[in-house]
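Listed here are the chains, written in short residue letters.
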Amino acid sequence: MKKSLILSATMLTLLLSGCTTNSSSQKETSSSSKTSTRTIKTSYFQNLSNSAKRNVKFTFKLNQDDTEDNTADPVYVVSATIKNNTNKNIKFDQSKFICVLPSNKIISDKTGTLTIKAGETKSIN
């Protein structure tokens, strides 16, 4: 009778200690997964440091627009491809894009904010 009582007490102790250890390790796992989530900061291009600006690549392309009546003067479309090689999200105010020509300055007719995520490439016309 004593042996079965000691055996039962030992089994109960092992069972309770196993459950306690398991629940504390689950708490550590869940708290560590919450801290590993990181947010990427978004800022305007002009607010980036010079070294970060060097990691943003711009490619411009000039194409003649054949859809317009261009018998008097040809109509051109400027396309820009922006590649964000930084680790930050970048915003651009699309109404601030300007094409400077020798005779005049053309302001973009786009509105709104263009956001390019880290490592992403976007094209605009």
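Since this is a predicted model, take the numbers as computed values, not measurements.

A word on the pairing of strand β3 (residues 76–84)
A regular strand places its side chains so that they alternate between the two faces of the sheet.
So, point 1. Sheet topology note: the strand β2 (residues 56–64)/β3 ladder contains 9 bridges and is antiparallel. Bridge pairing links Thr59 to Thr81 in β3.
So, point 2. Note that β3 and strand β8 (residues 121–124) share 4 bridges and pair antiparallel. Counterpart to Ile82 in the pairing with β8 is Lys122.

Considerations on the nonpolar core
So, point 1. One finds Phe45, Leu48, Ala52, Val56, Ala80, Ile82, Ile90, Phe92, Leu114, Ile116 and Ile124 forming the largest nonpolar core, which totals 11 residues.
So, point 2. At the level of secondary structure, the elements contributing two or more residues to this core comprise β3, β4 (89–93) and β7 (113–116).
So, point 3. In this view, Ile124 contacts Val78, Ser79, Ala80, Gln94, Phe97 and Leu114; residues no more than four positions away in its chain are not counted.

Notes on the environment of Ile107
So, point 1. Within the element layout of this structure, Ile107 appears in strand β6 (residues 105–107).
So, point 2. Along the primary structure Ile107 and Phe97 are separated by 10 residues, whereas in three dimensions their C-alpha atoms are 6.3 Å apart.

Digging into the sheet that holds strand β1 (residues 42–44)
So, point 1. Sheet architecture is open: 3 strands sit in the order β1-β4-β7, paired in mixed fashion. Of all the strands in the sheet, the pair left with one neighbour each is β1 and β7. Here the strands of the sheet are splayed against their neighbours by 30 degrees on average, with no regard to which way each runs.
So, point 2. One ladder, built from 3 bridges, connects β1 with β4; its direction is parallel. Bridging from a neighbouring strand, Ser43 pairs with Ile90 of β4.

Topic: the sheet that holds β3
So, point 1. Within the open sheet, the 3 strands sit side by side as β2-β3-β8. Their pairing is antiparallel. Every other strand in the sheet has two partners, leaving β2 and β8 as the edge strands with one partner each. Looking at each pair of strands side by side, their axes are set apart by 15 degrees on average, direction ignored.

Points about the packing of aromatic side chains
So, point 1. Overall, the coordinates contain 5 aromatic pairs when judged by the stated rule.
So, point 2. Ring geometry for Phe58 versus Phe60: centroids 6.3 Å apart, planes at 5 degrees, classification stacked.
So, point 3. For the ring pair Phe58 and Phe92, a centre distance of 6.0 Å and an interplane angle of 80 degrees mean the geometry is edge-to-face. Taken as a pair, Phe58 in strand β2 and Phe92 in strand β4 lie far apart in primary sequence, 34 residues in all.
So, point 4. For Phe58, a relative accessible area of 32% puts it in the partly exposed group.
So, point 5. An aromatic cluster is defined as three or more aromatic residues linked by ring pairs; in this entry it consists of Phe45, Phe58, Phe60, Phe92 and Phe97.

Description of a nonpolar patch on the surface
So, point 1. Taken together, the side chains of Phe58, Phe60, Leu62, Tyr76 and Val78 present a nonpolar region at the surface, about 510 Å² in accessible area.
So, point 2. Those elements that place two or more of their residues in the nonpolar patch are β2 and β3.
So, point 3. Broken down by element, the nonpolar patch gets its largest block of residues, 3 residues, from β2.
So, point 4. The topology assignment puts Phe60 in strand β2.
So, point 5. Since its relative accessible area comes to 57%, Phe60 is described here as exposed.

Rules behind the numbers
Residues numbered from 1 in each chain as written. Predicted model: local features only at pLDDT ≥ 70, side-chain atom pairs only at ≥ 80, totals over all residues. Heavy atoms only, no water. Pairing = 2+ DSSP bridges. Helix = DSSP H or I, 4+ residues; strand = E, 2+ residues; numbered from the N terminus. Core = buried A, V, L, I, M, F, W, Y, C linked by side-chain atoms within 4.5 Å. Buried < 20%, exposed > 50% of the residue type's maximum accessible area, 1.4 Å probe, protein only. Contact = heavy atoms within 4.5 Å. Axes fitted to C-alpha atoms, helices over the stretch in contact; angles between N-to-C directions. Phe/Tyr/Trp six-rings, centres within 6.5 Å; stacked < 30°, edge-to-face > 60°. Patch = residues over 30% accessible without salt bridge, like charges linked within 9 Å, V, L, I, M, F, W, Y side chains within 5 Å. Areas by Shrake-Rupley, 256 points an atom, 1.4 Å probe, with all protein chains shown as cover. Salt bridge = Lys/Arg side-chain N within 4 Å of Asp/Glu carboxyl O.

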